[in-house]
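Summary of the model geometry
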Amino acid sequence: MIELKYKSSSIWYAFFITTCLFSINLPAQQKPIKKPNVILIITDDQGIGDLGAIGNPIIKTPNLDAFYGDAVRFTNYHVSTTCAPTRGALMTGRHTNRLNVFHTITGRSLLFEEEVILPQIFAQNGYTNGMFGKWHLGDNFPLRPEDRGFHEVVRHGGGGIGQGPDYWDNDYFDDTYWHNGELEKYEGYCTDVFFSEAMAFIEANKHSPFFAYISTNAPHGPLNVPEEYIDLYKEYSDEELPERFKRFYGMITNIDDNFKRLEQKLDELGLTDNTILVFTTDNGTAGGNTIYDGGLRGAKGSVYEGGHRVPLFIRWPDGQLTGGKDIDNLVAHYDLLPTFVDLLGLDFNPVKPLDGISLNPLLTESTTSWPNRVLYVDTQRLQNLVKYKDYSIMDDRWRLVNGTELYDMTNDKIQSNNVIDQHPLVVEKLALGYEKWWQSIMDEGPNERYAYIKVGAGKENPSRINAHDMLTGKHGSAWHQNGATAAAQATGRWKIEFVADGEYAVSLRRFPRESGLPINAVFPAQEKIVRLERAKMGSEKEDFEQAYVYVANLEGTKNIEAGQEEVTFTGYVSAGKYDMEAQLIDSAKRVFPAYYVYIEKLP
């Protein structure tokens, strides 16, 4: 076990001492200045080239561009290549491969319960924490944001609106979200709602330090956005800017407008100067590089630079972090947690080794030397971690990609000139680093460990479980609501922990309870989607005839009656960890997952 103690940063220490000395002469009724607030905004699938300030000649982001002009900018900041892995690393200060978050579905996007995360650290240091938008690290107890240090939560389910864990038939407009664990209907466009809820939280907590995590699902697909934002780009023909990117850019412009609303609210409340405001994104662009690539190769999912090098802008006027300064050192998402701890003087003793280091010396210009770090990024997206799977090794100068390509970033930022044959010693050094790093990952046993959904707990009963989190090698679209509609074929198991002995009801469904749909519902209006989904899977389906469950000592098969919405099995289950299988079987004896499973501890 590694025991580390982060000390107060020089900025906060000086700020604290000045405040204390000054307060000696203050009238009794005046209060000392509180610790800085923190607002972290992270957007989904927006790459570094999807901003006007970076040089995109089409996109309209005037407010983020102005923020860029006044912020400290990390120009060589790297995240994971997809969304959940980035969020896991950001929240823990540790590489995502250590966390059970190396995929976005199939049970490998559930952040291990024992990991200590950023809101827990803030809470232990007197902060009130709010989370708004996309979580994507677990939708069931004890993995939800409200279980892990956030006091106020408004979120959708899964990795995007409309995915399996989300409320049925949400479409970005007037949706139903989870508010502190309870379903609540909201009016308006999703990004507007998340920013509005965040601003209400900020106003309610303006007199005490707060951490607001605004994590938009936009501009992740489906590319639904108010027409007025599409119209902003109608000056461009479909050849110049295809309809898809009018929508994609419109979603980003909507984020930009909400960013302006947030800044205005901070000004109105007098909080701007004492608030650390951070803007970043979770991975490379989802196709925006075909319009403007920002000088980088690759996009979301790629281990080339465009897949993981993203914006990171930070402003804190009271901390003198302003002025439009660039920091070009190689840094990563897992550096943010130790940076906040150091910058704010938070009390934190890590019980697991961190991969990140504090960026405070770079922010405060308190060091003249910075190590030539070697960082590692990969794209796994499998049931288990696989060595040498789609990876890049990075240091200040070099990128070694998949062990076969070497790029000199000092003169080849676009990664077009492979010089691997010219620098064998560089390749040998970087490859050796990868071997040691990989072994450090394997030493923590991530392939042998799983994150368990806990059922029978008072904080969530019944538990609404979805095929999104089913461990399976062949998932197709079973993780999505479209997969349930089209009856995408897959088999697998869930990792379930029953927290107490007792009588339980396990109900198998094709659609969630809020849908009111029977298991054998048909969708004439969506027949095209159904055909496409089935074609992708190469599967057919007759009517479902049977439901089968196996978990602990509870095993059985029941027939499905006409119009039946769910099939329920009841029995006594002893506390413990179990694999669960839950299946729907059609008249041709083909096996499909129960796309939704409800587990309830009975009185």
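This write-up is about the structure you can find in this document. (Residues numbered from 1 in each chain as written. Predicted model: local features only at pLDDT ≥ 70, side-chain atom pairs only at ≥ 80, totals over all residues. Heavy atoms only, no water.)

**Overview of the packing of helix α2 (residues 62–70) against helix α7 (residues 243–269)**
Relative orientation of the contacting elements α2 and α7 amounts to 60°, with a least axis distance of 7 Å. By the angle between their directions, the pair α2 and α7 is classed as oblique. Listed contacts from α7 to P62, N63, L64 and F67 of α2 are D256, D257, F259, K260 and E263. Classifying every residue of the contact of α2 with α7 gives 4 nonpolar, 1 polar and 4 charged. (Axes fitted to C-alpha atoms, helices over the stretch in contact; angles between N-to-C directions. Helix = DSSP H or I, 4+ residues; strand = E, 2+ residues; numbered from the N terminus. Parallel < 35°, antiparallel > 145°, perpendicular 65-115°, else oblique. Contact = heavy atoms within 4.5 Å. Nonpolar A, V, L, I, M, F, W, Y, C, P; charged D, E, K, R; others polar.)

**Details of the packing of aromatic side chains**
Under the definition given, this model contains 33 aromatic pairs. Between Y434 and W438, the aromatic rings sit 6.1 Å apart at their centres with planes inclined by 15°, giving stacked as the arrangement. Of the two residues, Y434 and W438 both sit in helix α10 (residues 424–442), 4 residues apart, roughly one turn of that helix. Counting every residue linked through ring pairs, the aromatic cluster contains F122, Y127, W135, F150, F211, Y213 and F340. Of note, K60 hangs over the ring of Y233, and the distance from its end group to the ring centre comes to 5.6 Å. Positioned above the aromatic ring of Y450 is the side chain of K495, whose terminal nitrogen or guanidinium carbon lies 4.3 Å from the ring centre. (Phe/Tyr/Trp six-rings, centres within 6.5 Å; stacked < 30°, edge-to-face > 60°. Lys NZ or Arg CZ within 6 Å of the ring centre and 35° of its normal.)

**Thoughts on the sheet that holds strand β1 (residues 37–43)**
Strand order in the open sheet formed by 10 strands is β7-β6-β5-β4-β8-β1-β9-β10-β2-β11, with mixed pairing between adjacent strands. Pairing within the sheet leaves two strands with one partner each, and these edge strands are β7 (182–185) and β11 (325–327). When strand polarity is set aside, the average angle formed by the axes of neighbouring strands in this sheet is 15°. Of the pairings in the sheet, the one linking β1 to strand β8 (residues 210–215) comprises 5 bridges and is parallel in character. Each bridged residue has a counterpart across the sheet, and for I41 the counterpart in β8 is I214. (Pairing = 2+ DSSP bridges.)

**Focus on the pattern of salt bridges**
Scanning the entire structure with this criterion turns up 38 salt bridges. A salt bridge links E444 to R98, with the nearest nitrogen and oxygen atoms 3.0 Å apart. Of this pair, E444 sits in the loop between α10 and β17 (453–455) while R98 sits in the loop between α3 (83–92) and α4 (118–124), placing them 346 residues apart in sequence. Note that K389 and D390 form a salt bridge whose closest N and O atoms lie 2.8 Å from each other. Exposure remark for D390: the relative accessible area of 33% places this residue in the partly exposed category. (Salt bridge = Lys/Arg side-chain N within 4 Å of Asp/Glu carboxyl O. Buried < 20%, exposed > 50% of the residue type's maximum accessible area, 1.4 Å probe, protein only.)

**Things to note about the packing of helix α5 (residues 190–204) against α7**
Taken N-terminus to C-terminus, the directions of α5 and α7 make an angle of 10°; their axes are 10 Å apart at the nearest point. As summarised for this structure, α5 and α7 are arranged roughly parallel, according to the angle between their axes. Note that α5 runs across α7; the crossing there is right-handed. Residue-level contacts link T191, D192, F195, S196, M199, I202 and E203 of α5 to N254, I255, N258, F259, R261, L262, K265, L266, E268 and L269 of α7. Grouping the constituent residues of the contact of α5 with α7 by class yields 8 nonpolar, 4 polar and 5 charged. (Left-handed = near helix turned anticlockwise from the far one by under 90°.)

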